[in-house]
Amino acid sequence: MASTARVDLDGNQIKPMTICMIGAGGFIGSHLCEKILTETPHKVLALDVYNDKIKHLLEPDSLQWKERIQFHRLNIKQDSRLEGLIKMADLTINLAAICTPADYNTRPLDTIYSNFIDALPVVKYCSENNKRLIHFSTCEVYGKTIGSFLPKDNPLRQDSEYFVLTEDASPCIFGPIEKQRWSYACAKQLIERLIYAEGAENGLQFTIVRPFNWIGPRMDFIPGIDGPSEGVPRVLACFSNNLLRGEPLKLVDGGISQRTFVYIKDAIEAVLLMIENPHRANGHIFNVGNPQNEVTVRQLAEMMTQVYSKVSGEPSLEVPTIDVSSKEFYGEGYDDSDKRIPDMTIINRQLGWNPKTSLWDLLESTLTYQHRTYAEAIKKSIAKPVAN
Ligand code: NAD
Ligand code: UDP
C-alpha cells in the first residue's frame, strides 16, 4: 500500500497530488494508473473515451484505492468539463492520441487533428491556470537518422554521431509531404514546439516525453478479438496475432528497419520519477527507451517466434515469416524510420533512470500474457463456421 513518507530524489517529502490523466484508458495510461494507485498516495482523474484497460482498477467498488481514482468518459475534442478537471488537478498528463502507424497515411487528417489540434486546449488550460503539464510526444519526431542518407558502404554509418538521437541536438528529418506517414511526427513536433514556446513566453511548467517503442501487456488489440478484424495495430500486436493464429509473421519491406524496445514497466518508472521530481523534470524533453535492446524487425520476428514457442508449448512454424511490401501492408504514402537509438544522457543526469529488462525477458512476460489472454478466444474464433 502507498506510504505517505515518500521522498523525492533530493530527499524532500513528496506531497500527495491530484493528477488529471488524459488518455488514461490506453496502453501506457493503464500501466501508469496501476503504478500510481498501488505505489503512491496520489489521486487520479482518469479521462478517456474507453475504460476497458483500466476496468480492473475501477471495479469492484471494494478496491482499496477506490477513493483515489475517478473515471470521466469524455472526448477532449468537445467537452466543456475539460478545463474544470485540469483546474482540479495539480498536474495534467496528456496521453491522448491516434498513434498507430497504419492510421498515419490512411487517416492523415484525423492523425493531425488528434495529435495537434485536440491537444491545443490542454496546453492552453494548463498555461492559463498555471498547471504543470507532462505531454507525451514520440521518438518519431526525430524521423530518419542522418546516417540513412549516406551511401550504404560509408563507414560513417557506424559512427554514433550519425544515428544516436539526442533531445537537444538531433535534427528532425521527415520525408516529403506525399509520404503521409510523417503526418503524425510532424503534428507531434509542432505541439512540442508550441509547449516549449508556452514555457519560454508564458512560464508554462512542462515536461515532454519521447517514448521509444514501449511494449508490454495490454498494448493495442488483437484484430477480430478485441479490435476490428481489418485493423492494423503496432508490431507487437501484429506479430502476437500471427503467432496466436499459427500464421507466418509479415515482414514489411524486408524487416530491415531497426528499433529499440523498452519494457512498459521500466518506462513507467521513468514517468513516476518525472511526476514526483518536478524541479528536475520541468523544462526538459526526455527520451525514454532502452538502447541495449536494439533489433531489426526481422530479428524481432525471429525472437518472438522462439519465445512464443517456449511459453505456449507449441512448435514454431516451418516458414515463420513472409515478406510483404509496405504498399500492400499499409497502403500508399507509408515510409519508415530506419533506426532509433535514444541518447540517455539527459534522463540519466536529471532522474538517474535506466531501463533494466532485456528484450528476451520482456517478450517472455508479454507473450505469456498474450497467450493467457487470447489463445482460447482465437481457437474459438477459428473453429466458428464462416457465415454465408
Ligand atoms: P493508446 O492508443 O493505447 O492510448 C491512447 C488513449 O488516448 C486511448 O485510450 C484513447 O482512447 C485515448 N484518446 C485518444 N483520443 C482521445 C480523445 N479525443 N479524448 C479522450 N481520449 C482520447 O496509446 P499509448 O501507446 O498508450 O500511447 C500514449 C501516448 O504515448 C500517445 O500520445 C502516443 O503518441 C505516445 N507514444 C507511445 C509510444 C509507445 O511506445 N507506446 C511510442 C511513441 C509515442
Ligand atoms: N512491421 C512489420 N510487420 C508488421 C507490423 C509492423 O514488419 O506486421 C514493421 C513496421 O514497418 C516498422 C516496425 O515494424 O518498421 C515497427 O512498427 P510499429 O507499428 O510498431 O511502429 P513504429 O515503430 O514504426 O512507430
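Counting restarts for each chain: residues are numbered from 1 in the order of the written sequence. Written order determines the labels here, with chains lettered from A and ligands numbered from 1. Residue-level local features of this predicted model are given only where pLDDT is at least 70; pairs of side-chain atoms are given and counted only at 80 or more, and the full residue set underlies all totals for whole chains, interfaces and linings. Hydrogens and waters are ignored; side-chain quantities use all the structure's heavy atoms.

With an unreviewed UniProt entry as reference, the protein is termed UDP-glucuronate decarboxylase, source organism Quillaja saponaria. UniProt positions are given in the numbering used here, feature names are shortened, and annotations may be inferred rather than shown by experiment. Database annotation for the protein, UniProt heading Cofactor (unreviewed entry): "NAD(+)". The heading Sequence similarities (unreviewed entry) in the UniProt record of the protein holds the text "Belongs to the NAD(P)-dependent epimerase/dehydratase family."

(A) Just the overall build of the protein, in detail. When its secondary structure is counted, the protein shows 14 helices and 15 strands. Computed over C-alpha atoms, the radius of gyration of the protein comes to 21 Å, within 12% of the 21 Å expected from 2.2 N^0.38 for 388 residues, which places it in the range of a compact globule. Along the first, second and third principal axes, the C-alpha set of the protein runs to 55 × 55 × 40 Å. A simple rule labels every residue: compare its accessible area, found with a 1.4 Å probe on the protein chains alone, to the largest value its type can have, and call it buried under 20%, exposed over 50%, or partly exposed in between. Out of the 388 residues belonging to the protein, those deemed buried represent 54%. Should any heavy atoms of two residues lie within 4.5 Å, those residues are considered in contact. For the protein, long-range pairs separated by at least 24 residues make up 80% of all intrachain contacts whose partners lie at least 6 apart in sequence. In this description, accessible areas are obtained by the Shrake-Rupley approach with a 1.4 Å probe, and a residue is regarded as covered only by the protein chains that are shown. About 18000 Å² of surface is accessible on the protein, with carbon and sulfur atoms providing 51% of the total. Starting at the N terminus, helices and strands are each numbered in turn, a helix being any DSSP run of H or I of at least four residues and a strand any DSSP run of E of at least two. The globule rule used here is 2.2 Å times the number of residues to the 0.38 power, and the radius of gyration it is set against is calculated over C-alpha atoms.

(B) Structural context of the site of ligand 1. A cutoff of 4 Å decides nearness: a residue is near a molecule or strand if any of its heavy atoms lies inside that distance of it. Around ligand 1, 25 residues are found, and the nearest of them are Phe27, Asp48, Asn75, Tyr184 and Trp214. One of the backbone nitrogen or oxygen atoms of Leu95 is found 3.1 Å away from an oxygen atom of ligand 1. For ligand 1, whose unbound accessible area comes to 820 Å², protein coverage reaches 89%. For the shell around ligand 1, the secondary-structure elements that each account for two or more residues are α1 (27–39) and α7 (182–202). Note on residue categories: nonpolar means Ala, Val, Leu, Ile, Met, Phe, Trp, Tyr, Cys or Pro, charged means Asp, Glu, Lys or Arg, and polar means any other residue, Gly included. A class-by-class count of the residues in the shell around ligand 1 yields 15 nonpolar, seven polar and three charged. Contacts described as polar in this section are N or O atom pairs within 3.5 Å, which, within protein, must combine one atom able to donate a hydrogen with one able to accept it, while residues neighboring in sequence count only if both atoms come from side chains.

(C) How the structure looks around the environment of Ile86. The topology assignment puts Ile86 in helix α3 (residues 81–88). Judged by its relative accessible area of 0%, Ile86 is buried. With residues up to four places along the chain from it excluded, the contact list for Ile86 reads Cys20, Thr92, Val122, Tyr125, Cys126 and Lys131.

(D) Fine view of the nonpolar core. By size, the foremost hydrophobic cluster in this structure holds 66 residues, and its most contacted members are Ile93, Trp214, Met274, Ile275 and Val288. By residue number, the principal contributor to this core is helix α9 (residues 264–276), which donates eight residues. Leave out the neighbours within four places in its chain, and Met274 touches Arg132, Ile134, Thr207, Val209, Ala281, Phe286, Val288, Ile347 and Leu351. For our purposes a nonpolar core is just a set of buried Ala, Val, Leu, Ile, Met, Phe, Trp, Tyr and Cys residues, chained together by side-chain atoms within 4.5 Å.

(E) A look at the packing of aromatic side chains. Two rings from Phe, Tyr or Trp (for Trp, the six-membered ring) form a pair when their centres are within 6.5 Å of each other. A pair whose planes differ by under 30 degrees is stacked, one over 60 is edge-to-face, and the rest are tilted. Tallying each qualifying case throughout the model produces seven aromatic pairs. Judged by centre distance (5.7 Å) and plane angle (10°), the ring pair of Phe174 and Trp182 falls under stacked. Using a relative accessible area of 3% as the deciding quantity, one classes Trp182 as buried. When the centroid spacing of 4.0 Å and the interplanar angle of 15° are considered together, the rings of Tyr330 and Tyr334 count as stacked. Each member of the pair, Tyr330 as well as Tyr334, is classed as buried. Members of the aromatic cluster, connected to one another through ring pairs, are Phe329, Tyr330 and Tyr334. Counting as a charge over the ring demands two things of the Lys NZ or Arg CZ atom: a distance within 6 Å of the ring centre and an angle within 35 degrees of the ring normal. Lying across the ring of Trp182, Arg181 places its NZ or CZ 5.6 Å from the centre.

(F) Seen up close, the site of ligand 2. In the vicinity of ligand 2 lie 19 residues, with Lys250, Arg259, Tyr334, Asp336 and Arg340 positioned nearest. Interatomic distance of 2.7 Å between a side-chain N/O atom of Arg259 and an oxygen atom of ligand 2. Arg340 places a side-chain nitrogen or oxygen 2.9 Å from an oxygen atom of ligand 2. Taken together, the residues that form the shell around ligand 2 break down as 10 nonpolar, two polar and seven charged.

(G) Highlighting the side chain of Lys35. Here Lys35 is to be found in helix α1. Residue contacts for Lys35: discarding those within four places in its chain leaves Thr40, Ile268, Glu269 and Leu272.

(H) Here's a closer look at the UniProt feature "domain: NAD-dependent epimerase/dehydratase" (unreviewed entry) in the protein. In the numbering adopted here, UniProt assigns the feature "domain: NAD-dependent epimerase/dehydratase" (unreviewed entry) to residues 19–289. This span, residues 19–289, is 35% helix and 18% strand, and a straight line between its end C-alpha atoms measures 24 Å.

(I) Main features of a nonpolar patch on the surface. Taken together, Leu109, Tyr113 and Ile117 make up a surface patch of nonpolar side chains, about 300 Å² in accessible area. On the secondary structure map, Tyr113 appears in helix α5 (residues 108–115). Like charges within 9 Å and nonpolar side chains (Val, Leu, Ile, Met, Phe, Trp, Tyr) within 5 Å are joined into patches, using only residues over 30% in relative accessible area that form no salt bridge. Take a side-chain nitrogen of Lys or Arg and a carboxyl oxygen of Asp or Glu: if they are within 4 Å of each other, that pair is a salt bridge.

(J) Quick look at the pairing of strand β12 (residues 284–288). Counting buried residues along β12, five of its five residues qualify, which places the element largely inside the surrounding structure. A two-sided burial pattern is seen for β12, the buried positions comprising His284, Phe286 and Val288 on one face and Ile285 and Asn287 on the other. Two strands form a pair only when DSSP identifies at least two bridges running between them. Bridging between strand β7 (residues 206–211) and β12 involves five bridges; their strand directions are parallel. What sits directly across from Ile208, in β12, is Ile285.

(K) Quick peek at helix α6 (residues 120–128). Of the positions making up α6, those classed as buried are Val122, Val123, Tyr125, Cys126 and Ser127. Buried residues along α6 sit against β1 (18–22), α3, β4 (91–94), β5 (132–136) and α7. Directly beyond the C-terminal end of α6, a positive phi value near 50° is found at Asn130.

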